[in-house]
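Summary of the model geometry
Chain by chain, the residues:
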Amino acid sequence: MVGGGQRLTQVLICFLGLVLALWGCGAAPPETGVSLVLAGGSGPEEAFAKDQLQEFQRLHPNIRVTYQATPSSASERHTLYVTWLSSHSPDIDVLNLDVIWVPEFAAADWLLPLDAAAAEGGLSLDDFLPPGLACSRYQGRLFSLPWFVDAGLLYYRQDLYAAGELPPPRTFADLLKVREVKEKFGLPYGFLFQGQAYEGLVCVALEFIWSNGGAIFDPDGNLVLDSSRNRQTLETLVNLIYQEGVSPLAVTTFQEEDCRHAFEQGYAVLMRNWPYAYPLLNRTESRVAAKFGVVPLVHGSGGKPTSCFGGGCLGINAFSRYPEASWKLVQFLLNRENLKRRAQILGMLPPLTSLYDDTDLMRQFPYLINLKDVFINARPRPITPLYSFIGEILRVHFSRALTRQETPQEALKRGQSEIAAVLARFGRPGEVR
Amino acid sequence: MRRSPFLVYLAKVLFIVLSFFPFFWTFLSSCKPGSQLFQVNPPFWPQPFTWENYRAIFWERSFYLNIINSLVVAGATTFICVVLGSLAAYGLARFRFRGKIAILSFILVVSLFPPVALVSPLFLLFEQARLINTYLALILPYLTFALPLTVWLLTAFFRQIPFELEEAARLDGAGPMRILWEVTLPLAAPGIFTTAILTFIYCWNEFLFALAFTTNDTSRTIPVAIVMFSGYHTVPWGQILAAVTVVTVPVAVLVLVLQRRIISGLTAGAVKG
Amino acid sequence: MKPNSLLTREARWGYLLLAPSLLVIALVALYPLGYTLWLSCQQKIIKLPWMVEGWVGLANYRELVVAARFWQALANTVMFTGFSVALELVLGLVAALAIHRARVLTGLTRAAILLPWAIPTVVAAVMWLFLVNPAFGLIPMVMGSLGFSEASRVLLAHPVTAWVVIIATDVWKNTPFMTLMLLAGLQVIPEDLYEAAAMDGASSWQAFFSITLPLLTPAILVALIFRTSQAFMIFGHIYTLTGGGPGTATETLAFLNYKAILNDMRFGYGAALSVLIFLCSLTFALLYLYTLGLRAEEGPRP
């Protein structure tokens, strides 16, 4: 019936399987000692953070810190944080948060308020960039502290503009001239920006809206998304692709890296991107090294150049077992030298205003000399726990407008009514800034 | 069914090209230096050929740990699933008792639920049982989702095996377990190996539970590790493609080795003998 | 021996053999499933503490059912499932028959047929993302050299072509699953049936329809049930390739579910959506069981 060889195979397979099963079912080693866990990004951030943590442990020998790498992609990290914090897990002590998460985590009582600690520790909040502090507060209380900042910048081909004897682009009208530059020098793309249906598109579109003097909420907290000025701005943005030939249709599928790669290969005249691209574009393998410059974003006739404020904050888990030790870690990570080194090594710009006058940093990032105001005046997205709803509505309608599934008028009108419905249903009045 | 040899040959070539080409392109891309990947009309062959990305993922990222984790989790789950599933399918196919339909339905229904709904409550459960970052935290939910397919497939399979051989063994005085081990399982070998591959690949691929239930670098499995290669804005395509290649090779070997076992069907002798 | 009594030896054996599997499944699944069902009738939005938590009856379901976005996602999901599963079934059947019958296929070909499914979904989607990238992807390059205009090369920008890419990725990846299942089913069909049919003068097609298909029905049934429910929960491809865009054109139910639970933290609403997704999968399963399950009990037709 069953051959001996076949029987032997069966037995071997079962033995191997049993070994695997037992190995798999082994329990984890128990944890001992006073230890903190810092959750942050993966990749280059991780290596750098581990170096910093070694230094911290040298200064505080009785506190052990482990670094927990989480996906750098915002939505995956958000997934993890929500999973952990909704089950009140004490396993993470200090969290690296995206700036738009602070209000929602604070409202859910997942973050420890830091006002008392900051006051006692003598931490001066004056030096922090105003938009960074704004993002770290919710209902007047401090729930996090900014760790690094991001703001939208305009990268342009200095060599081409110089050859064409044109000044760097400043206004929306200058954007339209990009087509001539593109055709004159034979480049496939004119102005690249992030237009895929994700959060990055919301940042770009908001930058256009703000730079033309428009807004989503006015200073009193009223919803003013559907204004004639915003409609004009959105139309301008959409026309860049379909009428003016300034941006290719491909931008509707682009995220940050797609734009950077195309610009780096020399295929584009202009690019809107975050500061991270700067050191990468100056590497030897980049075809535009030393050929490009950085200027503030273009603005419309009704406004000033305004970048979208992004970046990360440090917060302490409300369920942490060691809040005092966690605060020490936060203070350490936020001290001046560490922030400066982080900028120098990782290219993640610091949240302290005074560091923008630092000579070392200005040498490494020359654009900071002229663009300091961009960061000081960068504008955060609406600071509310409802931002995920609002951002989602904006994302959908901006994307539909950009891919001509809706006209700009329809997009803003529907966006406004949907946001109003969300606020009416879920909101607390007077809470949005 | 006879097909003309030419058609078969054509189909063969088509299948091989369609299946292998994306992997081949991935492998070539992973061997390209720096930004050669992103040129608008990239050269087909890397100029020059470089192993830099592979060096990076193994030396700088300890990717081999993730491979081991995936192997252990997938291997253990597969083994347990096949064992438990065979027992269950054998019971369902060969024994008469009440409530079969209810039980089969229950097993099926469990797998129809979207996993994303189960992540939070399971995390809570596992945290309280101190199972987070252990292999068991993954093996248990994987079993829950792999067992239904295993049981259903093997039940259908066992039912189709002719009863005569087992009947003969029973008349010879063998008990049910012995019949299962010596008669039924060898006959059902193609089905067993099929479910083994299906389960292994499911565990190998699974992302959501692996993301939520493993928080340490050292306990992560491959899909999560690959996602973690990305920095704050940067996406290291070269390394990602290298990891994809590395991950595909052992699976390809596994498939190559096992495909004969899957294909080996009933021989005429065993049925008639 | 009393037939069909709980106490028969046979019945005891049956339950005993089932016990370990049922134990594992019950241990892991019952609490989360029950919790989800209970949660679907609650309002629980963790990050908005002023939204009172508590029993809201069927309000979550009502909110879902009147949302246009829900129906669009449902339509997208059904459309995607229909096309993908149908294509996979046909291609899988062809591949399984080819492997089973045509002995000229080498191990390499068989491995090639099975390989795409062996890599993680996220990884496969990333590979295809790479292939369709408008700037440096292979497929737009080929399309360009075939003379397609610039605009049509941006595949993920239009709803229709975006779906084509998503379906292609899914079919490429999952056809091997179908192939494996159908191949396993083909293995148990006894050779002598075909010999007898040939002796009776039946053609290949007749043999296919009266022997192969009916006897393959149990395998087809299992394959369809599981593949359909998997397709219904499609998430990874959408997430990586389009993020639900352009606009909401490529959103599926599972994608909405993911957003509701993990982004918006609307646990009650998300649970209700999970239950609805589950009911849809169940409907398909019951449909298959009804149409195919009955035929599975029949033997080969004369």
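Here the structure is a predicted model, which is why all the values come from computation and not from measurement.

**Focus on the overall build of chain C**
- Helices and strands together make up the secondary structure of chain C, namely 12 helices and two strands.
- Of the regular secondary structure in chain C, the N- to C-terminal order runs α-β-β-α-α-α-α-α-α-α-α-α-α-α.
- By its C-alpha atoms, chain C is 75 × 70 × 30 Å across when sized along the principal axes.

**What about the overall build of chain A?**
- Counting its regular elements, chain A contains 18 helices and 11 strands.
- The dimensions of chain A, computed from C-alpha atoms along their principal axes, are 75 × 75 × 50 Å.
- Residue pairs in contact within chain A that sit at least 24 positions apart in sequence constitute 74% of those at least 6 positions apart.

**Here's the deal with the interface of chain C and chain B**
- Taken together, the 82 residues of chain C in the interface contact 88 residues of chain B.
- With 18 residues, helix α1 (residues 9-39) of chain C is the single largest residue contributor to the side of chain C that touches chain B.

**With respect to helix α14 (residues 336-346) of chain A**
Residue and element names in this part refer to chain A.
- Residues of α14 that are buried: L339, R342, A343 and L346. Buried residues of α14 fall within an arc of 105° about the axis and therefore sit on the same side.
- Positioned one or two residues after α14, G347 has a phi angle of 75°, which is positive.

**Overview of the nonpolar core**
- By size, the foremost hydrophobic cluster in this structure holds 324 residues, and its most contacted members are V102, Y155, L192 and L270 of chain A together with M181, L182 and V222 of chain C.
- The dominant element in this core, judged by the number of residues it contributes, is helix α6 (residues 135-160) of chain B, at 19 residues.
- Residues from two domains meet in this core; each of domain 1 (35-149 + 309-370) and domain 2 (153-306 + 384-426) of chain A gives at least three.

**Focus: the interface of chain B and chain A**
- Across the contact, 37 residues belong to chain B and 40 residues belong to chain A.
- Of the residues that constitute the side of chain B that touches chain A, the class distribution is 22 nonpolar, 12 polar and three charged.

**A short note on the pairing of strand β6 (residues 145-151) of chain A**
Residue and element names in this part refer to chain A.
- The element β6 is extensively covered by neighbouring structure, given that seven of its seven residues are classed as buried.
- For β6 and strand β11 (residues 309-316), the ladder comprises six bridges, and the chain directions are antiparallel. Counted as the bridge partner of P146 is C313 from β11.

**Details of the sheet that holds strand β10 (residues 292-295) of chain A**
Residue and element names in this part refer to chain A.
- Spatially, β8-β9-β7-β10 is the arrangement adopted by the four strands of the open sheet, whose pairing is mixed. Of all strands in the sheet, those with a lone pairing partner are β8 (189-192) and β10, marking the two edges. Adjacent strand axes in the sheet meet at a mean angle of 20°, parallel and antiparallel pairs treated alike.
- Here strand β7 (residues 153-157) pairs with β10 via four bridges, running antiparallel. Bridging across to β10, R157 finds its partner in F292.
- On the sheet, helix α11 (residues 256-264) packs against β7, β8 and β9 (268-273) and is oriented at approximately 150° with respect to β9.

**A look at the pairing of strand β1 (residues 35-41) of chain A**
All names here are of chain A.
- Taken across its seven residues, β1 has six buried, putting it largely inside the fold.
- Here β1 pairs with strand β2 (residues 64-70) via seven bridges, running parallel. Each bridged residue has a counterpart across the sheet, and for G40 the counterpart in β2 is A69.
- With helix α2 (residues 44-59) bridging β1 and its parallel neighbour β2, the resulting β-α-β unit is right-handed.
- Here β1 pairs with strand β3 (residues 94-98) via two bridges, running parallel. If you follow A39 over to β3, its bridge partner there is L95.

**Structural notes on the packing of helix α9 (residues 199-211) of chain A against helix α10 (residues 228-242) of chain A**
Residues and elements named next belong to chain A.
- At a minimum axis separation of 9 Å, α9 and α10 run at an interaxial angle of 125°. Viewed along their axes, α9 and α10 adopt a mutual orientation that is oblique. Considering the relative orientation of α9 and α10, their crossing is right-handed. For the pair formed by α9 and α10, the contact residues are A205, F208 and I209 on the first element and N230, T233 and L237 on the second.

**Quick look at the confidence of the model for chain A**
- Averaged over every residue, the pLDDT of chain A is 88; residues scoring 70 or more account for 91%.
- Low confidence marks residues 27-32 of chain A, where pLDDT is under 50. Its contacts with residues over four positions away, or in another chain, come to three contacts.

**Points about the sheet that holds β6 of chain A**
All names here are of chain A.
- In spatial order, the strands read β2-β1-β3-β11-β6; together these five strands make up an open sheet with mixed pairing. Lying at the two open borders of the sheet, with one neighbouring strand each, are β2 and β6. With direction set aside, neighbouring strand axes in the sheet form an average angle of 20°.

**Details of unusual backbone geometry**
All names here are of chain A.
- In this structure, E165 is a non-glycine residue whose phi angle is positive, near 55°.
- With respect to the helices and strands, the residue E165 is situated in the loop between α7 (158-163) and α8 (172-185).
- Taking the number of C-beta atoms within 10 Å as the measure of exposure, E165 has 6 and is therefore exposed.
- The phi torsion at A290 lies on the positive side, around 65°, for a residue other than glycine.
- Examined against the element boundaries, A290 turns out to sit in the loop between α12 (277-281) and β10.
- Judged by the 9 C-beta atoms lying within 10 Å of it, A290 is exposed.

**Focus on the domain arrangement of chain A**
Residue and element names in this part refer to chain A.
- One can read the domain layout of chain A as domain 1 (35-149 + 309-370) and domain 2 (153-306 + 384-426).
- Just the C-alpha atoms count here: the centres of domain 1 and domain 2 sit 29 Å apart.
- The interface is formed by 10 residues belonging to domain 1 together with 11 residues belonging to domain 2.
- In terms of residue class, the side of domain 1 that touches domain 2 is built from seven nonpolar, two polar and one charged.

**What about the packing of helix α3 (residues 63-94) of chain B against α6 of chain B?**
Residue and element names in this part refer to chain B.
- Running from N to C, α3 and α6 cross one another at 35°; their axes reach a closest spacing of 7 Å. The two elements α3 and α6 cross, and the hand of that crossing is right-handed.
- Broken down by class, the residue content of the contact of α3 with α6 amounts to 22 nonpolar, five polar and two charged.

**Focus on the environment of L402 of chain A**
All names here are of chain A.
- Relative to the helices and strands, L402 is located in helix α17 (residues 387-402).
- The class of L402 is buried, set by 32 C-beta atoms lying within 10 Å.
- Residues L402 and C135, 267 residues apart in the sequence, show an inter-C-alpha distance of 28 Å.
- For L402, the contacting residues outside a window of four places in its chain are G195, V238 and T252.

**Topic: the environment of N69 of chain B**
Residues and elements named next belong to chain B.
- Along the chain, N69 turns up in helix α3.
- Here N69 falls in the buried class, since 23 other C-beta atoms lie within 10 Å of it.
- Beyond its immediate chain neighbours, meaning those up to four positions away, N69 contacts S219, R220 and T221.

**Observations regarding the confidence of the model for chain C**
Residues and elements named next belong to chain C.
- With 92% of its residues at a pLDDT of at least 70, chain C reaches an overall mean of 82.
- Here residues 298-302 is a poorly scored stretch, pLDDT under 50, and it has eight contacts once near neighbours within four places are set aside; other chains count.
- Interface confidence for the predicted complex, given as ipTM, is 0.82, next to a pTM of 0.86.

So, how was this worked out
- Residues numbered from 1 in each chain as written.
- Chains lettered and ligands numbered in written order.
- Predicted model: local features only at pLDDT ≥ 70, side-chain atom pairs only at ≥ 80, totals over all residues.
- Helix = DSSP H or I, 4+ residues; strand = E, 2+ residues; numbered from the N terminus.
- Contact = placed C-beta atoms within 7 Å.
- Buried ≥ 20, exposed ≤ 12 C-beta atoms within 10 Å, placed from the backbone.
- Arc of directions from axis to C-beta.
- Core = buried A, V, L, I, M, F, W, Y, C linked by C-beta atoms within 7 Å.
- Domains from an automatic or database assignment.
- Nonpolar A, V, L, I, M, F, W, Y, C, P; charged D, E, K, R; others polar.
- Pairing = 2+ DSSP bridges.
- Axes fitted to C-alpha atoms, helices over the stretch in contact; angles between N-to-C directions.
- Right-handed = clockwise from strand over helix to strand, strands pointing away.
- Parallel < 35°, antiparallel > 145°, perpendicular 65-115°, else oblique.
- Left-handed = near helix turned anticlockwise from the far one by under 90°.
- pLDDT = per-residue confidence, 0-100.

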